[in-house]
Amino acid sequence: MRSQDAIEQQYHEAVDALVEKIEKDPYILAAIVAGSFSYAQVWEKSDLDVELIGRDAIRPTQSFFSLVENGVNIHARITPRNAFKQSVESAQQGSFMHSYFSHSTLLFSRDTSIEEWYDKNANRYNIGERDKQFQLLNVIAGTLPSLIYAEKQFYVNKDYLTCFLSLLSVVQGLARIEVLLNNEIPAREVIQPALRYNPDFFDRVYTDFINCEKNEAVLQDTIDAINGYLDAHQFIFQPVLDYLTEQKVPRTLTELNADLGRGLHDSEGFPDFDEESLDLVCQWLAWKGSIKQVAMPLKLTAKSQIAVEEPAYYYDGIVGASCARDSSQARLKGDIHAQIQSAVENITDTLEQDRYILAAILTSNLTENNVWEKTTVQITLILRDSTKFKQQQFQLIEEGIPIRVQLYTRSDYRKLLDRTLQGSTLHSILAESRILFSKDSLFAVDGDANFSVGDPSCLRVAERDMHSQLFNAAAEATAILAKAEKWFHLKQDLNYTFLYLTYLVRVLARIETLMHGETPRRKAIYQALEHNPSFFNTVFTDLIDKPKDEALLRDALEQVDMYLENNLRTLFKPLLDFLEESGDERTITDIHMHFGKRELALELACEWLSEKEVIEQFSAPVRLTKDSQTSVEEPAYYYDANNPFL
């Protein structure tokens, strides 16, 4: 391997070469580089992320470019000046957008206002108290689903492997919270700074957790520690509590979502929340006894005569006892299952009376061994095409059971079915759904949709869809593998290498399942273990309970790399077939034009295949805008299927 100094010199020369070219283009006002080049260390498999800011009247030939300089792949996005400033200045401090630019470097600017904006905003420690408060709420809202799922796998399904994987996702979210609490804007990798700020907690739920046996006692201890952390940080939920305190009366989720979105305390307004996440935050606070839940009537459409009920919440200032889980509680399965079934039957009867609702589809698995007291029922409602409704999702409540409904008009739902790839996550959900009632022929057994709702036999995957799914999964796997290899070879952080390996194995499980013509389920790792136990035990299950050492992880990474190489003709078949049939060099723009609306991760695939010398990479001139007189270089690729060195 080349020395790190030589690699970094190559990347700096690539950046210098790019800047020299784009500075000559008067339609480009500034360039910003982000990613590992700017705030961390690059290595030989790194790419460069570059933001190009153009004049307001710019006419770019496309918004995203794959470029190449000095053998370095560059992903560049071009945006008009005002649109760029608006998108970044409107981003909440501490958000992904803010984090992205706070860890960036301004390469050049011919506009002083851009320089002034950059100096003001691109600071990783520049976060106000108000924005920090709402970022904390956003992060915990995105973390709670993984925690609830982990608890379900532990207490209900006794699936310790899936529980472990879900808890790792929870720890990532808590690490973002810890970094924000210390007034730092989180970067992509947040575990390391969180360990510095709070070593006792994160050693317990991350370092020690990764390197020990995952038995019942260890998982219970980790769940308890995480819940203890949240109990000690109840102030994270303060924006919701402050809002309910001011209201003094119960407020429905519809009102709460609307009011927090508009802004309550000042003219600037609060940031928008994802409605489903905010719903879960309120449900969580009710479970904890921090707020009280009641029910209020709601009409789903503008003309509905039938009302359902949605949750409403109020805060009386009295915080209830924390609802720590008692695994001996009898309501986990039998009693709660009967209550859920009764709630589904009752709400089905109510919805069926609404003449604007054509069908209701249950998308949750409500078997007795898969429900517990935190189960949320998921139902999709199909409406007449002329029906007007204010929002697509509602949180309802029936007999104390939370029910999430998603609304589609008939034509929109038909489009969803037709464009859903076989083998996708949505395909798996729809094929295993159950029709609660239907007044429409769309759901007839002999319908001509891409596949039938509620028909498990449709879980087999057609060849074209399978190749598209395999292509994207393989491209994702190569990107994750490169990050895992970087943390192993360059950073020499074995725990973080293993963390990336857990992400990687989940993608590989989808690949293995698809290669056997099956649709991956949520727990695809078990499908993959049935098909290829030797490989998945070697790279994953055999590693879980062992202390992570260099030899184990090196072998796992090499096995993964070999797995991708051995299957590359299957995984990247659409691209290789196109390049072989063309018989000539094809630029990345040519490749995108050929595949058109077929959404494939083409850049990642081409870069990995080029790195493996399966295809040859060249360069070709491309202009960034229709008015540009200067060119930059984009990659072009050639494939010789008869190459004896492959």
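The shown structure was predicted, so the numbers you read here are calculated from the model rather than taken from an experiment.

**Student:** Is there a simple way to explain the overall build of the chain in this structure?
**Tutor:** Regarding its fold elements, the chain presents 25 helices and 16 strands. Within the span of the chain, comprising 646 residues, buried residues form 52% of the whole. Looking at the chain alone, contacts between residues at least 24 apart form 71% of all its contacts between residues at least 6 apart. Counting only carbon and sulfur atoms, one obtains 46% of the accessible surface of the chain, whose full area is about 28,100 Å².

**Student:** Looking at this model, I keep getting lost on the sheet that holds strand β14 (residues 586-587). Mind explaining?
**Tutor:** Across a sheet, strands are paired by hydrogen bonds formed along the backbone, either parallel or antiparallel in direction. With respect to topology, three strands assemble into an open sheet ordered β14-β16-β15, the strand pairing being antiparallel. Edge positions in the sheet fall to β14 and β15 (616-622), since each of these pairs with one other strand and no more. When β15 meets strand β16 (residues 632-638), the two strands line up antiparallel, connected through seven bridges. Counterpart to Gln-617 in the pairing with β16 is Tyr-637.

**Student:** When you look at the packing of aromatic side chains in this model, what are you seeing that I'm missing?
**Tutor:** We describe a pair of aromatic rings using the distance from one ring centre to the other and the angle between the two ring planes. As enumerated under the stated definition, the model contains 19 aromatic pairs in all. Seen from their ring centres, Phe-164 and Phe-209 are 5.3 Å apart, and the 70° between their planes marks the pair as edge-to-face. With Phe-164 in helix α7 (residues 160-181) and Phe-209 in helix α9 (residues 199-210), this pair connects stretches of sequence that are 45 residues apart. The buried category is assigned to Phe-209, whose relative accessible area is 1%. Put simply, the rings of Trp-487, Tyr-496, Tyr-500 and Tyr-503 pair up and form one aromatic cluster. Geometry around Phe-164 places Lys-214 over its ring, the cationic atom sitting 4.9 Å from the centre. The cationic tip of Lys-548 hangs over the ring face of Phe-498; the distance from NZ or CZ to the ring centre is 4.5 Å.

**Student:** I keep staring at a negative patch on the surface and nothing clicks. Help me out?
**Tutor:** On the surface, a cluster of negative charge is contributed by Glu-580, Glu-581, Asp-584, Glu-585, Glu-613, Glu-616 and Asp-640. Tracing the sequence through the fold places Glu-581 in helix α23 (residues 573-582).

**Student:** How should the sheet that holds strand β3 (residues 64-69) be read in this particular structure?
**Tutor:** Spatially, β3-β4-β2-β1-β5 is the arrangement adopted by the five strands of the open sheet, whose pairing is mixed. Each edge of the open sheet carries a strand with a single partner, namely β3 and β5 (105-109). Taking each pair of neighbouring strands and ignoring which way they run, the sheet shows an average axis angle of 25°. As judged from the seven bridges shared by strand β2 (residues 48-54) and strand β4 (residues 72-80), these two strands associate in the parallel manner. Residue Asp-49 lies in a different strand from β4, and its bridge partner there is His-75. Sheet strands touched by helix α1 (residues 4-22): β1 (28-34), β2, β3, β4 and β5. Its angle to β3, the strand with the most contacts, is close to 120°.

**Student:** How do you make sense of a positive patch on the surface when you look at a structure like this?
**Tutor:** Together, Lys-303, Arg-355, Arg-384, Lys-388 and Lys-439 line one region of the surface with positive charge. Along the chain, Lys-388 turns up in the loop between β10 (377-383) and β11 (393-398). Here Lys-388 falls in the exposed class, since its relative accessible area comes to 64%.

**Student:** I'm lost on the side chain of Thr-513 in this one. Help?
**Tutor:** When you line up the elements, Thr-513 lands in helix α18 (residues 494-515). Residues contacting Thr-513, with those up to four places away along its chain left out, are Glu-518, Thr-519, Pro-520, Ala-524, Gln-527, Ala-528 and His-531.

**Student:** Explanation requested: unusual backbone geometry in the structure shown.
**Tutor:** Peptide bonds are mostly trans, and most non-glycine residues show a negative phi. Unusually for a residue other than glycine, Lys-158 sits at a positive phi of about 55°. Considering the arrangement of structural elements, one finds Lys-158 in the loop between α6 (129-155) and α7. What makes Lys-158 partly exposed here is its relative accessible area of 47%. One non-glycine residue with positive phi stands out, namely Gln-492, at about 55°. The residue Gln-492 is located in the loop between α17 (463-489) and α18 in this model.

**Student:** Help me understand the pattern of salt bridges in this model?
**Tutor:** For side chains bearing opposite charge, pairing can occur when the charged atoms are close. Counting across every chain of the model gives 20 salt bridges. Here Lys-612 makes a salt bridge to Glu-565, at a shortest N to O gap of 2.8 Å. Of this pair, Lys-612 sits in the loop between α25 (602-611) and β15 while Glu-565 sits in helix α21 (residues 550-566), and the two are 47 residues apart along the sequence. Judged by its relative accessible area of 22%, Lys-612 falls in the partly exposed class. Sharing partners across several salt bridges, the network here consists of Lys-45, Glu-485 and Glu-611.

**Student:** Would you explain the side chain of Lys-85 in this entry?
**Tutor:** Turning to its location among the elements, Lys-85 is positioned in helix α3 (residues 81-89). Overall, the relative accessible area of 17% leaves Lys-85 in the buried class. In this view, Lys-85 contacts Ser-113 and Trp-117; residues no more than four positions away in its chain are not counted.

**Student:** Explain the nonpolar core to me, please; I cannot follow it from the model alone.
**Tutor:** Among soluble globular proteins, nonpolar side chains are generally buried collectively. In terms of nonpolar packing, the biggest core is built from 121 residues, with Leu-501, Leu-508, Phe-572 and Ile-591 touching the most fellow members. Ranked by residues supplied to this core, first place goes to α7 with 13 residues. Beyond its immediate chain neighbours, meaning those up to four positions away, Leu-508 contacts Ala-477, Phe-535, Phe-536, Val-560, Tyr-563 and Leu-564.

**Student:** Help me understand the environment of Asp-16, please; the structure alone is not making it clear to me.
**Tutor:** Tracing the chain through its elements places Asp-16 in helix α1. Along the sequence, Asp-16 and Asn-70 sit 54 residues apart, while their C-alpha atoms lie 9.8 Å from each other.

**Student:** Can you help me understand α18 in this one?
**Tutor:** Two residues of an α-helix separated by three or four positions point the same way, owing to the 3.6 residues in each turn. Counted at 1.5 Å a residue, the expected span for α18 with its 22 residues is 32 Å, and the 30 Å between its end C-alpha atoms agrees. Near the N-terminus of α18, the side chain that reaches the backbone nitrogen of Asn-495, with its oxygen 3.3 Å away, is that of Asp-493. Within two residues after α18, Gly-517 carries a phi angle of roughly 75°, on the positive side.

**Student:** Is there a simple way to explain the environment of Asp-549 in this structure?
**Tutor:** The residue Asp-549 is located in the loop between α20 (533-544) and α21 in this model. Look at Asp-549 and you get partly exposed, because its relative accessible area is 34%. Considered as a pair, Asp-549 and Leu-494 are 55 residues apart in the sequence and their alpha carbons are 6.8 Å apart. Among the polar contacts listed, one links the side chain of Asp-549 to the backbone nitrogen of Leu-552, at a separation of 2.8 Å.

Rules of the game
Residues numbered from 1 in each chain as written. Predicted model: local features only at pLDDT ≥ 70, side-chain atom pairs only at ≥ 80, totals over all residues. Heavy atoms only, no water. Helix = DSSP H or I, 4+ residues; strand = E, 2+ residues; numbered from the N terminus. Buried < 20%, exposed > 50% of the residue type's maximum accessible area, 1.4 Å probe, protein only. Contact = heavy atoms within 4.5 Å. Areas by Shrake-Rupley, 256 points an atom, 1.4 Å probe, with all protein chains shown as cover. Pairing = 2+ DSSP bridges. Phe/Tyr/Trp six-rings, centres within 6.5 Å; stacked < 30°, edge-to-face > 60°. Lys NZ or Arg CZ within 6 Å of the ring centre and 35° of its normal. Patch = residues over 30% accessible without salt bridge, like charges linked within 9 Å, V, L, I, M, F, W, Y side chains within 5 Å. Salt bridge = Lys/Arg side-chain N within 4 Å of Asp/Glu carboxyl O. Lys, Arg positive; Asp, Glu negative; His and termini not counted. Charge placed at Lys NZ, Arg CZ, Asp CG, Glu CD. Axes fitted to C-alpha atoms, helices over the stretch in contact; angles between N-to-C directions. Core = buried A, V, L, I, M, F, W, Y, C linked by side-chain atoms within 4.5 Å. Expected span 1.5 Å × (residues − 1). Polar contact = N/O pair within 3.5 Å; in protein donor to acceptor, adjacent residues only side chain to side chain.

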